[in-house]
Amino acid sequence: MTTTHSEKPVKKRLASLDALRGMDMFWILGGQSIFAALFVLTGWTGWKIFEAHTVHSAWHGFTFYDLIFPLFIFLSGVAMGLAPKRIDHLSWDERKVYYRKAVKRLLLLCLLGIMYNHGWGTGIPLALDEIRYTSVLGRIAIAWFFCAMLVWHTSIRTQVFTAIGLLIGYWILLCFIPVPGGIAGDLSAQGSWNAWFDTHFLPGISYQNRPVDPEGVLSSFPAIINAMIGVFAGQLVSRAQQIGEWKTAGILFIAGVISVCLGWLWDLQFPVNKELWTSSFVLVTVGWSAILLAVFYALVDILNGQKLAYPFVIIGANSIIIYLASSLVDWAFISRSVFGGFINAVPELWQPLLSVTALLLVQILVLHWMYKRKIFVSV
């Protein structure tokens, strides 16, 4: 039997993408409580420093927890960039299949986002004006959708100029053009352009009835850039066999460091702010996203660390379903039902840490069961 040299090598699945997505989701599932539990157990004040990064910034500023959401958007772009495709040369009958799937994904994620918003044992209100329509899943859907339209219909050069134009245009609007009845450069929760747009164009209610919804109308536009930069990163990784795997990881890491530095430099004039999703926030978050992707790509894919990353991989493989379950399923009740007797039997100082561990364990066991049976829920 002979083999031909013209056969293309089979590409390995990018395990680091699932692992990084799973690491991101880990903190939402209950991982953010680990540091408080460790402080109770050890009394070491250093855990308080870590704990401070498991909550969002009050307004201007940045914590690790602020990265979780934009990292998801970035990774949705990476997945698209691994196999980018132009469809504008296809006939309408061929293209409409893609459009139908894209619109279906957009609407379904927005609907699931509304379901998540009104979970927690309450349910979606019957009064339409009492529903919160914006959501994390909705913003991921919007960013992915517009990013897909650009990838499907434009060149990389156009995509780069679009990203730069959005960054600069958003900065000019928020900092140099006065809000109707207000002043230019007002970045407060009440006087910003974001508050004006959410007041006039956002249906239903905002998050906690704030003037600015963190997933509001205007701030969805710069979020598209997080997905677009993810596409560029995915395109780079897809050529790793030609470029070199370690060189690819190095490029991602260095580009990430440069982006973070540029973001904090811009912060001097245009503050890093998650709720406004400022242009400086975009640069800081895509920078850290690229750095983390480089690290996970090196550890998981280049150094074959899939076994060590397995808990993250199984979370990332079913990230949407477990995210929804965090709102719709009372995991704390289940973990107490299974492990409550054991937790109550150990010394009191150990109980917070074991409670967090039990909470994470029951979710990981369910995800392990799904992964082994190849049950993957995606939209």
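For the protein chain, the name recorded in an unreviewed UniProt entry is DUF5009 domain-containing protein, with Pseudoalteromonas haloplanktis as its organism.

A.B. asks: What am I meant to see in the packing of aromatic side chains here?
C.D. replies: Given two aromatic rings, their pairing is described by the distance between the two centres and the angle made by the two planes. In total, this model carries 28 aromatic pairs according to the counting rule given. On the numbers, 5.5 Å between centres and 90° between planes, the contact of Phe145 with Phe146 is edge-to-face. Judged by relative accessible area, Phe145 falls into the buried class, the value being 14%. Judged by its relative accessible area of 42%, Phe146 falls in the partly exposed class. Above the face of the Trp144 ring, Arg105 is positioned so that its terminal group lies 4.4 Å from the ring centre. If you follow Arg139 out to its NZ or CZ, it ends over the ring of Trp277, 5.1 Å from the centre.

A.B. asks: Honestly, the side chain of Asp198 in this entry has me stumped. Any pointers?
C.D. replies: Residue position: Asp198 is located in helix 8 (residues 193-201). This buried residue, Asp198, is left without a salt bridge; Arg139 holds the nearest opposite charge, at 7.2 Å. A polar atom in the side chain of Asp198 sits 2.9 Å from the backbone nitrogen of Val217. Those residues in contact with Asp198, other than ones at most four positions away along the chain, are Pro211, Val212, Asp213, Gly216 and Val217.

A.B. asks: Got a minute to help me understand helix 9 (residues 220-238) in this structure?
C.D. replies: Between its first and last C-alpha, helix 9 extends 27 Å over 19 residues, near the 27 Å set by a 1.5 Å rise per residue. With respect to burial, helix 9 is a largely interior element, 15 of its 19 residues being buried.

A.B. asks: Looking at this model, I keep getting lost on unusual backbone geometry. Mind explaining?
C.D. replies: Glycine aside, negative phi is the norm for most residues, and most peptide bonds take the trans geometry. In this structure, Trp120 takes a positive phi of about 55° despite not being glycine. Looking at the secondary structure, you find Trp120 in the loop between helix 5 (92-117) and helix 6 (136-153). Although it is not a glycine, Lys374 adopts a positive phi angle of roughly 55°. Looking at where Lys374 falls in the secondary structure, it is placed in the segment after helix 16 (351-372).

A.B. asks: Could you clarify how one ought to interpret the packing of helix 1 (residues 15-29) against helix 4 (residues 68-81) in this entry?
C.D. replies: In helix packing, the relevant descriptors are the interaxial angle and the interaxial distance, both defined with respect to the helix axes. Interaxial distance between helix 1 and helix 4 falls to 10 Å at its minimum, and their mutual angle equals 160°. Considered as vectors, helix 1 and helix 4 are oriented roughly antiparallel to each other. Considering how the two elements wind past one another, helix 1 and helix 4 form a crossing that is left-handed. For the pair helix 1 and helix 4, the contacting residues are Leu17, Leu20, Arg21, Asp24, Met25, Trp27 and Ile28 in the first and Ile68, Leu71, Phe72, Leu75, Val78 and Ala79 in the second. Grouping the amino acids of the contact of helix 1 with helix 4 by side-chain chemistry returns eleven nonpolar, no polar and two charged.

A.B. asks: Explanation requested: the pattern of salt bridges in the structure shown.
C.D. replies: Tallying each qualifying case throughout the model produces seven salt bridges. Linking Lys48 and Glu51 is a salt bridge whose minimum nitrogen-to-oxygen distance equals 3.4 Å. Of this pair, Lys48 and Glu51 both sit in helix 3 (residues 46-51), three residues apart, which is roughly one turn of that helix. The class for Lys48 is partly exposed, based on a relative accessible area of 41%. Judged by relative accessible area, which is 22%, Glu51 ranks as partly exposed. Between Lys96 and Asp93 there is a salt bridge, with its nearest N and O atoms 3.5 Å apart. Pair noted here: Lys96 and Asp93 are both in helix 5, with a separation of three residues, about one helical turn. Residues participating in the shared-partner salt-bridge network are Arg132, Asp213 and Glu215.

A.B. asks: Please clarify how the nonpolar core should be interpreted in this entry.
C.D. replies: Nonpolar side chains in soluble globular proteins generally cluster together in the buried interior. Grouped together as the largest cluster of nonpolar side chains are 104 residues, with contacts concentrated most on Leu20, Ile73, Phe74, Leu174 and Ile322. Looking at this core element by element, the count peaks at 14 residues for helix 12 (residues 279-302). Among residues more than four places away in sequence, those in contact with Phe74 are Asn226, Ile229, Gly230, Ala233, Val286, Ser289, Ala290 and Leu293.

A.B. asks: Any chance you could explain the packing of helix 6 against helix 9 here in plain terms?
C.D. replies: The interhelical angle for the contact between helix 6 and helix 9, taken along N-to-C directions, is 60°, at an axis separation of 8 Å. Accordingly, the angle class assigned to the pair helix 6 and helix 9 is oblique. Relative to helix 9, the crossing made by helix 6 is right-handed. On the side of helix 6, the interface is formed by Arg139, Ile142, Ala143, Phe146, Cys147, Leu150 and Val151, while helix 9 contributes Ser220, Ala223, Ile224, Ala227, Met228 and Val231. Of the residues contributing to the contact of helix 6 with helix 9, the split by class is eleven nonpolar, one polar and one charged.

Parameters and conventions
Residues numbered from 1 in each chain as written. Predicted model: local features only at pLDDT ≥ 70, side-chain atom pairs only at ≥ 80, totals over all residues. Heavy atoms only, no water. Phe/Tyr/Trp six-rings, centres within 6.5 Å; stacked < 30°, edge-to-face > 60°. Buried < 20%, exposed > 50% of the residue type's maximum accessible area, 1.4 Å probe, protein only. Lys NZ or Arg CZ within 6 Å of the ring centre and 35° of its normal. Helix = DSSP H or I, 4+ residues; strand = E, 2+ residues; numbered from the N terminus. Lys, Arg positive; Asp, Glu negative; His and termini not counted. Salt bridge = Lys/Arg side-chain N within 4 Å of Asp/Glu carboxyl O. Polar contact = N/O pair within 3.5 Å; in protein donor to acceptor, adjacent residues only side chain to side chain. Contact = heavy atoms within 4.5 Å. Expected span 1.5 Å × (residues − 1). Axes fitted to C-alpha atoms, helices over the stretch in contact; angles between N-to-C directions. Parallel < 35°, antiparallel > 145°, perpendicular 65-115°, else oblique. Left-handed = near helix turned anticlockwise from the far one by under 90°. Nonpolar A, V, L, I, M, F, W, Y, C, P; charged D, E, K, R; others polar. Core = buried A, V, L, I, M, F, W, Y, C linked by side-chain atoms within 4.5 Å.

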